[in-house]
Amino acid sequence: MHKILRTLIPFDIAKGLSITGRHFAKVFFTANRRKVPFHIVSEYPEVVARIQPRFRGRLTLLKDEQGEIKCVCCMACEKICPTQVITIEKGKKEGRKMPFPVRYDFEMERCIFCEFCVESCGFDSIILNHQFELAAYNREDFSLGLEGAENMFEPSQVGKFSVADD
Amino acid sequence: MFKNEEMEINLGPQHPSTHGVLRVKLRLDGETITHCRPMIGYLHRGVEKICENQSFFQGQVWTDRMDYCSAVANNLGWAEANEKLFGITVPRRAQYIRTMLNEFNRLASHLIWLATHALDIGAMTVFLYAFREREDILDMNEAFCGSRLTTTAFRIGGLREDLPPGFEKMVQKFLAKFPSCLEEYENLLSENRIWKKRTVGVARLGAEDAIAMGVTGPVLRAAGVPYDIRKAFPYAAYAEMDFEIPTRTEADTYARYLVRMDEMRQSARIIQQCMDGMPEGPVMAKLPKILKPEVNEVYHATEAPKGEIGYYLVGEKGSSNPYRFHVRAPGFINLQSLPKMAEGGLIADIVAAIGTLDIVLGEIDR
Ligand code: SF4
Ligand code: SF4
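Because the structure is predicted, anything quoted here is derived from the model rather than measured.

A. A look at the overall build of chain A. Of the regular secondary structure elements, chain A holds four helices and five strands. Counted from the first residue to the last, chain A has its helices and strands arranged as α-α-β-α-β-β-α-β-β. Each of the 166 residues in chain A was classed as buried or not, and the buried ones make up 33%. Taking all contacts inside chain A whose residues are at least 6 apart in sequence as the whole, residues at least 24 apart take part in 65%. On chain A, roughly 11400 Å² of surface is accessible, and the fraction owed to carbon and sulfur atoms is 59%.

B. Structural context of the site of ligand 2. Residues in contact with ligand 2 amount to 13 residues; listed here are only the nearest, Cys71, Cys74, Cys77, Cys121 and Ser125 of chain A. Of the residues contributing to the shell around ligand 2, the split by class is twelve nonpolar, one polar and no charged.

C. Summary view of the domain arrangement of chain A. Split by domain assignment, chain A resolves into domain 1 (1–41) and domain 2 (59–162). Computed from C-alpha atoms alone, the centre-to-centre distance between domain 1 of chain A and domain 2 of chain A is 51 Å.

D. Structural context of the confidence of the model for chain A. Averaged over every residue, the pLDDT of chain A is 77; the share at 70 or more is 89%. Per-element mean pLDDT across chain A ranges from 74 in helix α1 (residues 2–8) of chain A up to 87 in helix α4 (residues 116–120) of chain A.

E. Highlighting helix α2 (residues 11–30) of chain A. Residues and elements named next belong to chain A. Over its 20 residues, α2 runs 29 Å from end to end, which matches the ideal 28 Å to within 8%, given 1.5 Å per residue. Those residues of α2 that fall on the buried side of the exposure criterion are Asp12, Gly16, Ile19 and His23. Axial view of α2: buried residues confined to an arc of 55 degrees, hence all on one face. Exposed and oriented more than 90 degrees from the buried face of α2 are Phe11, Leu17, Phe24, Phe28 and Phe29.

F. A look at the sheet that holds strand β6 (residues 297–304) of chain B. Residues and elements named next belong to chain B. Strands sit in the order β6-β7-β8 across an open sheet of three strands; the sheet is antiparallel. In the strand order of this sheet, the two ends are held by β6 and β8 (322–328), each with one partner. Direction aside, the axes of adjacent strands within the sheet are offset by 15 degrees on average. Here six bridges tie strand β7 (residues 307–315) to β8, and the two strands are oriented antiparallel to one another. Counterpart to Leu313 in the pairing with β8 is Phe325. Relative to the sheet, helix α3 (residues 71–86) contacts β6, β7 and β8, its axis offset from that of β6 by approximately 150 degrees.

G. Local environment of the packing of helix α5 (residues 124–145) of chain B against helix α6 (residues 167–189) of chain B. All names here are of chain B. Running from N to C, α5 and α6 cross one another at 165 degrees; their axes reach a closest spacing of 10 Å. Overall, the two elements α5 and α6 adopt an arrangement that is roughly antiparallel. The chirality of how α5 crosses α6 is left-handed. Where α5 abuts α6, its residues Thr125, Val126, Tyr129, Ala130, Arg132, Glu133, Asp136, Ile137, Asp139, Met140, Ala143 and Phe144 lie against Phe167, Met170, Val171, Phe174, Lys177, Phe178, Cys181, Glu184, Tyr185, Leu188 and Leu189. For the contact of α5 with α6, a count of residues per class yields 16 nonpolar, one polar and six charged.

H. View of the packing of aromatic side chains. Counting across every chain of the model gives 14 aromatic pairs over all chains. Ring centres of Phe55 of chain A and Phe132 of chain A lie 6.3 Å apart, and the angle between their planes is 75 degrees; this geometry places the pair in the edge-to-face category. Placement of the pair is Phe55 of chain A in the loop between α2 and β1 (59–61) and Phe132 of chain A in the loop between β4 (126–128) and β5 (143–144), with a sequence separation of 77 residues. Ring centres of Phe127 of chain B and Phe131 of chain B lie 4.8 Å apart, and the angle between their planes is 40 degrees; this geometry places the pair in the tilted category. Taken as a pair, Phe127 of chain B and Phe131 of chain B lie in helix α5 at a separation of four residues, close to a single helical turn. For Phe131 of chain B, a relative accessible area of 29% corresponds to the partly exposed category. Aromatic ring contacts, followed pair by pair, group Trp78, Tyr311 and Phe325 of chain B into a single cluster. Over the aromatic face of Phe332 of chain B sits the side chain of Arg366 of chain B, whose NZ or CZ is 5.5 Å from the ring centroid.

I. Quick look at the interface of chain B and chain A. In this complex, chain B contributes 33 residues to the contact, which on the side of chain A involves 29 residues. Interface area for chain B against chain A, summed over the two sides, is near 2600 Å², with a carbon-plus-sulfur share of 52%. Counting across the chain B and chain A interface gives four salt bridges. Across the salt bridge formed by Arg155 of chain B and Glu119 of chain A, the nearest N and O atoms sit 2.7 Å from each other. On the surface where chain B and chain A come into contact, there are 14 residue pairs in polar contact (both at pLDDT 80 or more). Contributing elements (two or more residues each) for the side of chain B that touches chain A: α2 (60–64), α5, α6 and α7 (193–199) of chain B. Looking at the side of chain B that touches chain A residue by residue, the class counts come to twelve nonpolar, ten polar and eleven charged.

What counts, and at which threshold
Residues numbered from 1 in each chain as written. Chains lettered and ligands numbered in written order. Predicted model: local features only at pLDDT ≥ 70, side-chain atom pairs only at ≥ 80, totals over all residues. Heavy atoms only, no water. Helix = DSSP H or I, 4+ residues; strand = E, 2+ residues; numbered from the N terminus. Buried < 20%, exposed > 50% of the residue type's maximum accessible area, 1.4 Å probe, protein only. Contact = heavy atoms within 4.5 Å. Areas by Shrake-Rupley, 256 points an atom, 1.4 Å probe, with all protein chains shown as cover. Near = heavy atom within 4 Å. Nonpolar A, V, L, I, M, F, W, Y, C, P; charged D, E, K, R; others polar. Domains from an automatic or database assignment. pLDDT = per-residue confidence, 0-100. Expected span 1.5 Å × (residues − 1). Arc of directions from axis to C-beta. Pairing = 2+ DSSP bridges. Axes fitted to C-alpha atoms, helices over the stretch in contact; angles between N-to-C directions. Parallel < 35°, antiparallel > 145°, perpendicular 65-115°, else oblique. Left-handed = near helix turned anticlockwise from the far one by under 90°. Phe/Tyr/Trp six-rings, centres within 6.5 Å; stacked < 30°, edge-to-face > 60°. Lys NZ or Arg CZ within 6 Å of the ring centre and 35° of its normal. Buried area = accessible area lost by both parts, 1.4 Å probe. Salt bridge = Lys/Arg side-chain N within 4 Å of Asp/Glu carboxyl O. Polar contact = N/O pair within 3.5 Å; in protein donor to acceptor, adjacent residues only side chain to side chain.

Spelled out as structure tokens, the structure:
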């Protein structure tokens, strides 16, 4: 008898529906109010994404106060990188005692953002920045060096991918 | 008049319910499966070989990419296997933080299992709810180690950095709301007649078969065997934690669902204990400059969310690379029980069987 009743009246389904109903009501009555900027999903391109301070983004070379590159070519980062994407060429510069990188090539398409390079650097001359919008159309845009539009000092240019932008 | 012929079909490799690129060769008699063979190897990257050509320190990044749903648990196994090889003792605070993050990872992995398993069987709502909670855990991963999925969370000898400021608040906020979220999932599924019809008695795997095939993890515990490496061979700080091993005896898909739900409750309990008893002190042991192995080989097993993940490392004298590296991946071993579960059942139930095994192909193919 009890079993027949349970089969006839779908309590179990009603239980589930009440949960979805409650959530629906909650979102329905609080959505689009100023006080709640986003609920669970953020409106990403319009609302800037929140990034934690330790976020591992793209490798960036740092300069000191005089505008000199801090890197002294100890090659520690090149050696530790698991995917071997850093290539450094040692060189000399006038008026500088420490070695100076003539070439610092970084192939971003193979970087796995592990931060081992930053950890190994004893001179605090590199960091991973907070950039995550790193997609590009051309493969060449992923090869960063000391010069050029896409270089190791500035953040990468954010690609515009929507067709309407053209 | 009607010829009774068996039909051979492929399930996958690009099928949304095969969790990656698993191909299952099926022979069907009507709707009944008479023969089922999983075909793997579509995601093979040679992780073991790559690690043999890299130093012990660098190897960790590859363990992230094996089982990408539970990267922290993989990192823990790798770090501990190396510490065993080098004879390093990890500071207590680091052990606690590792335990806590590992349990968070278990939650994340079980949530993604719940989400996709329910979606495969046809319950869409749970998928979104479970991902909502998983998001919080990924945020914590991001706050701790800077990455959400491929965490590279630990280092040989401890941790890279201590917990970030504000982490405790995030944990407490999560723990405060998590039990009610679990209740929500259970209200949606546990009594639901469709869910029960699709799971009760489906894809049985008895204790005897499970042990014979080396199956571990929730699949084994749902068959009534209370084997959990966290209790059997405690590692990290599990020896000091108070928790239970949930088991069931029905050995079907529904039992595995209940076991995993209970496991999530226990994980939340362990996290709470870690937070309460967090010792002070350093998080990194003193290490020699270059790691050179002492003993020749180690095997270290830990309880990943999906089962026993074991790392076998052979060190060479005077070399900073492992001579041989092998992973005992839980998904790989568990998957061989799929024919046992699926043969004789209906074709619709194989989706439930694949889902309940909780496989990730990145780990199976490596
Ligand atoms: S983040 Fe990792 S992969 Fe990328 S350059 Fe640094 S060491 Fe290499
Ligand atoms: S580790 Fe630092 S100082 Fe050494 S080469 Fe790399 S960036 Fe330069």
